Amino acid sequence: NPDARKYITDVVLKLAKDYGVKFFKFDLNAPLAYDETGDGFYRYFQGVRQFLADIRAENPDLHITNCSGGGNRMELANGMFYDSIWSSDNQSPIYGFRIIKDTALRLPPCHIERWDVRRYVDGIPKYGSPTLVQLPLSCNGANWENVHNVTPRYTHSFLTGGPVGFSTDIAAYPAEEKQALKDHIRRFKQDRDFYKNATFRILHDTESLTAVQYADEDLNRLEVQVFSNVLNQDVLTVYPVADPKKTYRYKDTLLTGRAL
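In this text, all values refer to a predicted model and were calculated from it rather than measured experimentally.

Scoring rules and cut-offs
Residues numbered from 1 in each chain as written. Predicted model: local features only at pLDDT ≥ 70, side-chain atom pairs only at ≥ 80, totals over all residues. Heavy atoms only, no water. Buried < 20%, exposed > 50% of the residue type's maximum accessible area, 1.4 Å probe, protein only. Helix = DSSP H or I, 4+ residues; strand = E, 2+ residues; numbered from the N terminus. Pairing = 2+ DSSP bridges. Core = buried A, V, L, I, M, F, W, Y, C linked by side-chain atoms within 4.5 Å. Axes fitted to C-alpha atoms, helices over the stretch in contact; angles between N-to-C directions. Parallel < 35°, antiparallel > 145°, perpendicular 65-115°, else oblique. Left-handed = near helix turned anticlockwise from the far one by under 90°. Contact = heavy atoms within 4.5 Å.

Student: Help me out: how do you make sense of the pairing of strand E2 (residues 63-67) in this one?
Tutor: Sheet faces and side chains relate simply in a regular strand, where the side chains alternate between the two faces. Most of E2 is tucked away, with four of its five residues classed as buried. Bridging between strand E1 (residues 23-26) and E2 involves four bridges; their strand directions are parallel. Along E2, the bridge assignment pairs Phe26 with Asn66.

Listed below in structure tokens is the structure:
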């Protein structure tokens, strides 16, 4: 209904203006059913796209998030209308990285959001010691009925490669973790263009270890991430995809692509 769409558009535009809205999550908690009209869903989504276009025209800097709707709305075309995709209510870094790895087979990783939802909790018993420690706990589901501990280093790697969000009490984080996140955000802003255009390759994928690679189209820059679960070997070698004719710098060492 064009009149209904215009009414909703006017309401949202007024709210965005009155409150200076910069972030808009477009949720989809709608059940799908058989469309007896044959084109009702098609016309509905044509209206949705027009609604988004009208909102974007008035707010070009607005960041619009697309709820994946259980995977029903994760098609490539949505990248033209939304800035990023909220992939799951389960924002555990471990579960979330599995989603990124699988979704990157059909969507650019730069569209997949990564959220930090950890809580630093005091008084956690340390095995074999009377000492109580502070640990970051992450939800392992859509709510906090099931939690697990994920190391900061793992979390920082999970937050790499796409838009980063925070749904947590950052002020309660230890000082060193707050500084680490500030450094991470600074690097992300520096590398934003690289990740927006990066290719994504899965180099290794088992239950114990997953390795992925971000690279520019010409393989001039390679970023390899290794996520481990439980490993029993002391040494593990991951081979990146490199241009054998080029020379790469790894820390202070120069290596040919063939050598890599």
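Student: How should I be thinking about the nonpolar core in this particular structure?
Tutor: The tendency in soluble globular proteins is for nonpolar side chains to be buried side by side. In this structure, Phe97, Tyr154, Phe158, Phe194, Phe200, Val212 and Tyr214 are the most contacted members of the largest nonpolar core, which totals 18 residues. Every element with two or more residues in this core is listed here: helix H3 (93-103), helix H4 (152-158), helix H5 (175-197) and strand E10 (209-215). Here this core gets three residues from one element, more than from any other, and that element is H5. One finds Phe24, Leu52, Leu62 and Tyr82 within the second-largest nonpolar core, a separate group that totals nine residues.

Student: What is the right way to look at the packing of helix H1 (residues 2-19) against helix H2 (residues 40-58) in this model?
Tutor: Angle between the axes and distance between the axes: these two values describe a pair of packed helices. At a minimum axis separation of 10 Å, H1 and H2 run at an interaxial angle of 30°. Taken together, the axes of H1 and H2 are roughly parallel relative to one another. In this structure, the crossing between H1 and H2 has a hand that is right-handed. Counted together, Arg5, Ile8, Thr9, Val12 and Leu13 of H1 and Gly47, Gln50, Phe51, Asp54, Ile55 and Glu58 of H2 form the full contact between these two elements.

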